[in-house]
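These are the residues of each chain, in order.
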Amino acid sequence: MKSETGFDPALYERFPTREERPQGELKELERIWCAPRGWQFLTVVNNNYVGAFYVGAAFLFFLLAGVLALVMRVQLALPLNGILPQETYNQFFTMHGTVMMFLFAVPAVEALGVLLLPQMLAARDLPFPRLSAYAFWAYLVGGLAFFASIFVGLAPDGGWFMYPPYTSTSFSPGINADFWLLGIGFIEISAIAGAIEIIVGVLRTRAPGMSLDKMPIFAWAMLVFAAMIIIGFPAVILGTLLLELERALNWPFFDPTRGGDPLLWQHLFWFFGHPEVYIIFLPAAGLVTMLASALARTAVVGYRLIVLALVSTGFISFGVWAHHMFTTGMPTLSVGFFSAASMAVSVPAGIQVFSWIATLASGRPRMNTPTLFLVGGIVIFVMGGLTGVMVALVPFDYQAHDSYFIVAHLHYVLIGGMVFPLFAAFYNWTPMMSRRPLSEALGKWIFWLMFVGMHVTFLPMHLTGLMGMPRRVYTYLPDRDWEGTNLISTIGAGILALGIGLFVFDLARNFRFTADDEAGNVYGGGTLEWLPTGLYSTRSIPVIRSRDPLWDDPQLPDDVQQGRYFLPNSATGLRETLITSPVRAEPEYLQIMPGPSPWPVLAALFTAGFFLLLTVQAYWSGVVSGVLAILFVLRWLWETDRPVREPRVDIGAGIMVPTYVTGARTHGWWAMAVLLTVIGMIFLMACFSYLYLYGVHPGLWVAPPDVAWLAPILLGYAAGLGLAWFGRRLLRREKTRLWTPGVLLMAGGGGLILAYATDFVGWRLHGLSPDASGQGATVYAFLSLQGLLVAITFIMTCYMAARNSRGLINRPADNSYDLVFLFTAYTVAQGIASALLGRLFPGSLI
């Protein structure tokens, strides 16, 4: 009986095949997926290399932020210490928190996803390898430039949370805050690019037969992680844009004297900031679950409960953002709701902890280095979770808020919930990509130094905080009984640093990157990343019949290596992977994958240059850099979306699949849907800001322009969408002149420009100024967001017209045209929604 995708699951019974494979197939795969040499390392897109680079860069930022923390602890070891002046100390603690949260924690788990997911899913690579390369290079260049600001006295000094009004031009007149706002803004773009790659990769590139209930827990965790980035990061992207607009153009989003409100920043920031703790924790929890199973050599206890816990944690975490705002004077009802949500989110975390304990107890784990880091991380995380329940209680939070008790709680949660699992993962998965594993004997020394050092550092901070020491102070007076606990914490920081230093030594001594002759499955894992691999990942893509296929079928590695499953060769002579259905993982079509290219690297460099040049107020140079970034992105895309000569190919055992499909089935359509979700969330956060400021200062708002302006605006948007739709219809007619669809699409983009210009002119003629009030600022923020979308849409339509003129549009359907049409439709919808909101509400109330 065939499934809903038209694939007959009975065809799986043909595998493993026993037919002899032709000679030379393996060498052909090695030629197509060849290793880079020399300068080619800059253009590489294989997940093996990009993932390793990504993990290495994230760990570098961990070390840099750790050095800052160590210097701060030395400063606080004794009262009235003079190692760091106050201004420098403020820069140090701001950079420490920012680098740890934005440049280490989120990128590190995203990097592990890029590195491990294709192997765990038995895919040849993630579906957008050039996007992964772009995300990595943008992150690395931007992150290093951002960190370098501390050496020239330009590092931000307003805390990693950057609360206004302290970060407004009145209190921070230099460009230090701008480095944070623009630097972090484009690093978040890199994170979102990685999240798109992960969502589409997990849902569409799994090995045949790997239905959702057979996915590795890490894949589930990364899927929830990426979805949380898509929902949460737009809030802080919008917040950074609004604060930068206030600083640069004097638009009063956060100025209460002109209709703004500084608490708006806290709502936007913490809508991202508190879920970010779980964004960091969930992938690490997925690693812990897989490590507990592998190290205990037993199946995960409560697989479905863990999946439910991951999903529910992601959902509940967005209801706890005001957990950080209990002392701001919120209404009692709101305080009660967020307090209850803050305690409720501990329930799914508890489910996972009990599952880990049960899994370890049901097996026979050996006390090796990854097991020590695993168990140590669980202990530390549980201690941090208990203090988390304490600060969820509003009366206690009133007392402990902004004290060193909160510092201790945060570090227990993040070090136990992310850092120790990460080190366990390093020891467990390093043999997958290194010729030698890391040292077991030295690893145990490293664990005990880090475990003891962590407790000696942060356990006394609970007492320091309860004794009244506030956070973010660069020194303190003697005779307050804080000297002893601060000195102990500083000694503990040195012990912790010694353990991390030994790890760096072990890494330098033993890690030797390789894509094929690796050390192997040292700890006996049962999932697919331990199949024999090369740069092409697995020689053939197996049929999955269980959650631990290597344990259940010991013959599987040999069958895969002998080419007895799907895609044992290159069916088209190009890089390929299978795209499977999102629920049952049934083969749908063959994806032709792009190879190495310099364009993603150049696009990333000039994207970073655009933001950094704007930061130092080199506006014209920044514009030139931005234009070059766009051109390089278009050049990178120019080589994609070209069907091969063979419309259908044999992927093994006589099973035929298409090589080019269009519509909602494609991985490109899924990626565009995720991207539009990000843009939609930014718009929803802008709507929240608009309504929030009206609720705070309704008396400062004026009546909007006459609703008669809506008619030409709606007509222009409708005409633009109609032209694009008509061009799409003509595309399906084989005898239509080749240039017609592209010209119609570009004309539709022109219609959007006319509609937007009408909207803009209507507000300008009305006399509402963006720097006059919160209403003007938010209205022009809507116009700015819409103008950006309209400009991007028009660039896309010109790109499609150029492809049309060169005969690169496929008939009767074209993926690129479908994606541009989808983006155009969204732009029209957002333009209409923003025009209606600004003119109809609160116009009827004024």
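Asker: I'm lost on the overall build of the chain in this one. Help?
Answerer: Scanning the chain from terminus to terminus reveals 24 helices and six strands. For 846 residues, the compact-globule estimate of 2.2 N^0.38 gives 28 Å, and the C-alpha radius of gyration of the chain, at 27 Å, lies within 12% of that figure. By principal-axis analysis of the C-alpha atoms, the chain measures approximately 80 × 75 × 50 Å. Here the chain, with 846 residues, has 61% of them falling under the buried criterion. Partitioning the contacts of the chain with sequence separation of at least 6, the portion at a separation of at least 24 is 80%. With the model as given, the accessible surface of the chain reaches about 31,300 Å², and the carbon-plus-sulfur share is 68%. Positive and negative charge centroids in the chain, built from 49 and 50 side chains respectively, lie 8 Å apart.

Asker: In this structure, what is going on with the packing of aromatic side chains? I would like to understand it.
Answerer: For any two aromatic rings, the description comes down to two numbers: the centre-to-centre distance and the angle of the planes. The tally for this structure, following the rule as stated, stands at 69 aromatic pairs. Ring centres 6.3 Å apart and planes at 55° place the aromatic pair Phe253 and Phe254 in the tilted group. Of the residues examined, Phe254 reaches a relative accessible area of 2% and is grouped as buried. A centroid spacing of 5.5 Å and a plane angle of 35° characterise the contact between Phe606 and Phe632, whose relative ring orientation is tilted. Here Phe606, found in helix α18 (residues 599–615), pairs with Phe632, found in helix α19 (residues 619–638); they are 26 residues apart in sequence, far enough to count as distant. The class of Phe606 is partly exposed, set by a relative accessible area of 26%. Classification of Phe632 by relative accessible area gives buried; the value is 18%.

Asker: How should the packing of helix α6 (residues 217–249) against helix α7 (residues 262–296) be read in this particular structure?
Answerer: Helices that pack against each other are described as a pair by the angle of their axes relative to one another and the distance between those axes. Where α6 contacts α7, the two axes come as close as 8 Å, and the packing angle between them is 160°. The angle between α6 and α7 places the two elements in the roughly antiparallel class. The two elements α6 and α7 cross, and the hand of that crossing is left-handed. Here the residues of the contact of α6 with α7 sort into 27 nonpolar, five polar and no charged.

Asker: Mind showing me how you'd approach the environment of Asp213 here?
Answerer: Tracing the chain through its elements places Asp213 in the loop between α5 (176–204) and α6. Owing to a relative accessible area of 32%, Asp213 belongs among the partly exposed residues under this scheme. Asp213 sits 371 residues away from Arg584 along the chain, and the two C-alpha atoms are 8.9 Å apart. When neighbours within four sequence positions are excluded, Asp213 is seen to be in contact with Tyr303, Arg304 and Arg547. Of the polar contacts made by the side chain of Asp213, one reaches the side chain of Ser211; its length is 2.5 Å.

Asker: What is the right way to look at helix α22 (residues 740–766) in this model?
Answerer: Residues three or four positions apart in an α-helix share a direction because the helix packs 3.6 residues into each turn. If you check α22, its first and last C-alpha atoms are 39 Å apart, about what 27 residues at 1.5 Å a residue would give, namely 39 Å. Looking one or two residues beyond α22, the residue adopting positive phi is Gly767, at roughly 95°.

Asker: Help me out: how do you make sense of the pairing of strand β3 (residues 576–580) in this one?
Answerer: For β3, a buried count of five out of five residues is recorded, marking the element as mostly surrounded by other parts of the structure. Pairing of β3 with strand β4 (residues 587–592) involves five bridges; the strand directions are antiparallel. Across the sheet, the residue bridging to Ile579 is Tyr589, located in β4. Linking β3 back to β4 in an antiparallel pair, the connection comprises six residues, with Ala585 at a positive phi of about 60°.

Asker: Which parts of the structure should I look at to understand unusual backbone geometry?
Answerer: Apart from glycine, the bulk of residues carry a negative phi angle, and the bulk of peptide bonds sit in the trans form. Note the cis peptide between Pro164 and Pro165, where omega equals 10°. Tracing the sequence through the fold places Pro165 in the loop between α4 (129–148) and α5. In this chain, Arg811 is followed by Pro812 through a cis amide linkage whose omega measures 10°. Looking at the element boundaries, Pro812 is found in the loop between α23 (774–805) and α24 (815–840). Even without a glycine there, the phi angle at Asp402 is positive, about 60°. Its location among the elements puts Asp402 in the loop between α12 (394–400) and α13 (404–429). A positive phi angle, close to 55°, is found at Ala653, a residue other than glycine. Topologically, Ala653 is positioned in the loop between β5 (648–650) and β6 (656–658). Residue classification places Ala653 among the partly exposed residues on the basis of a relative accessible area of 22%.

Asker: For this particular structure, what's the right way to read the side chain of Thr240?
Answerer: Relative to the helices and strands, Thr240 is located in helix α6. Those residues in contact with Thr240, other than ones at most four positions away along the chain, are Trp180, Leu181 and Trp265.

Asker: It is not clear to me how the packing of α6 against helix α20 (residues 667–696) should be interpreted in this structure. Could you clarify?
Answerer: One way to put it is that α6 packs onto α20 with a least axis distance of 8 Å and a crossing angle of 50°. By the angle between their axes, α6 is oblique relative to α20. As α6 packs across α20, the resulting crossing turns out to be right-handed. Mapping the contact onto sequence places Ile230, Ile231, Pro234, Ala235, Ile237, Leu238 and Leu242 in α6 and Val674, Thr677, Val678, Met681, Ile682, Met685, Ala686 and Ser689 in α20. Of the residues belonging to the contact of α6 with α20, the class tally is 13 nonpolar, two polar and no charged.

Asker: Quick question: what am I supposed to make of the environment of Arg73 here?
Answerer: Along the chain, Arg73 falls in helix α2 (residues 47–76). Each C-alpha atom, one on Arg73 and one on Gly492, is 9.5 Å from the other, the two residues being 419 residues apart in sequence. Look past the residues within four positions of Arg73 in its chain and what remains in contact with it is Tyr404, Met461, Asn486, Ser489, Thr490 and Ala493.

Asker: How should a nonpolar patch on the surface be read in this particular structure?
Answerer: Where nonpolar side chains cluster on the molecular surface, the patch consists of Met367, Val375, Val379, Met383 and Leu459 and spans about 390 Å² of accessible area. The element that contributes the greatest number of residues to the nonpolar patch is helix α11 (residues 369–392), accounting for three residues.

Asker: How should I be thinking about the pattern of salt bridges in this particular structure?
Answerer: Close approach of charged atoms allows side chains with opposite charge to pair. Using the criterion set out here, one finds 19 salt bridges in the structure. Arg584 serves as the salt-bridge partner of Glu586, at 4.0 Å between the closest nitrogen and oxygen. Between Glu639 and Arg635 there is a salt bridge, and its shortest N-O distance comes to 3.0 Å. Bridged by salt links that share partners, the residues Arg18, Asp558, Asp559 and Arg564 form one connected network.

Asker: What exactly am I supposed to notice about the environment of Leu410 here?
Answerer: Its location among the elements puts Leu410 in helix α13. Among the residues examined, Leu410 registers a relative accessible area of 24% and is labelled partly exposed. On a C-alpha basis, the gap between Leu410 and Thr94 in space is 15 Å, while along the polypeptide they are 316 residues apart.

Asker: Can you help me understand α5 in this one?
Answerer: Compared with the 42 Å implied by 1.5 Å per residue over 29 residues, the 42 Å span of α5 between its first and last C-alpha is a close match. The buried fraction of α5 is high, at 28 of 29 residues.

Analysis parameters
Residues numbered from 1 in each chain as written. Predicted model: local features only at pLDDT ≥ 70, side-chain atom pairs only at ≥ 80, totals over all residues. Heavy atoms only, no water. Helix = DSSP H or I, 4+ residues; strand = E, 2+ residues; numbered from the N terminus. Rg over C-alpha atoms; globule rule 2.2 N^0.38 Å. Buried < 20%, exposed > 50% of the residue type's maximum accessible area, 1.4 Å probe, protein only. Contact = heavy atoms within 4.5 Å. Areas by Shrake-Rupley, 256 points an atom, 1.4 Å probe, with all protein chains shown as cover. Lys, Arg positive; Asp, Glu negative; His and termini not counted. Charge placed at Lys NZ, Arg CZ, Asp CG, Glu CD. Phe/Tyr/Trp six-rings, centres within 6.5 Å; stacked < 30°, edge-to-face > 60°. Axes fitted to C-alpha atoms, helices over the stretch in contact; angles between N-to-C directions. Parallel < 35°, antiparallel > 145°, perpendicular 65-115°, else oblique. Left-handed = near helix turned anticlockwise from the far one by under 90°. Nonpolar A, V, L, I, M, F, W, Y, C, P; charged D, E, K, R; others polar. Polar contact = N/O pair within 3.5 Å; in protein donor to acceptor, adjacent residues only side chain to side chain. Expected span 1.5 Å × (residues − 1). Pairing = 2+ DSSP bridges. Patch = residues over 30% accessible without salt bridge, like charges linked within 9 Å, V, L, I, M, F, W, Y side chains within 5 Å. Salt bridge = Lys/Arg side-chain N within 4 Å of Asp/Glu carboxyl O.

None of this, on its own, says anything about what the molecule does.
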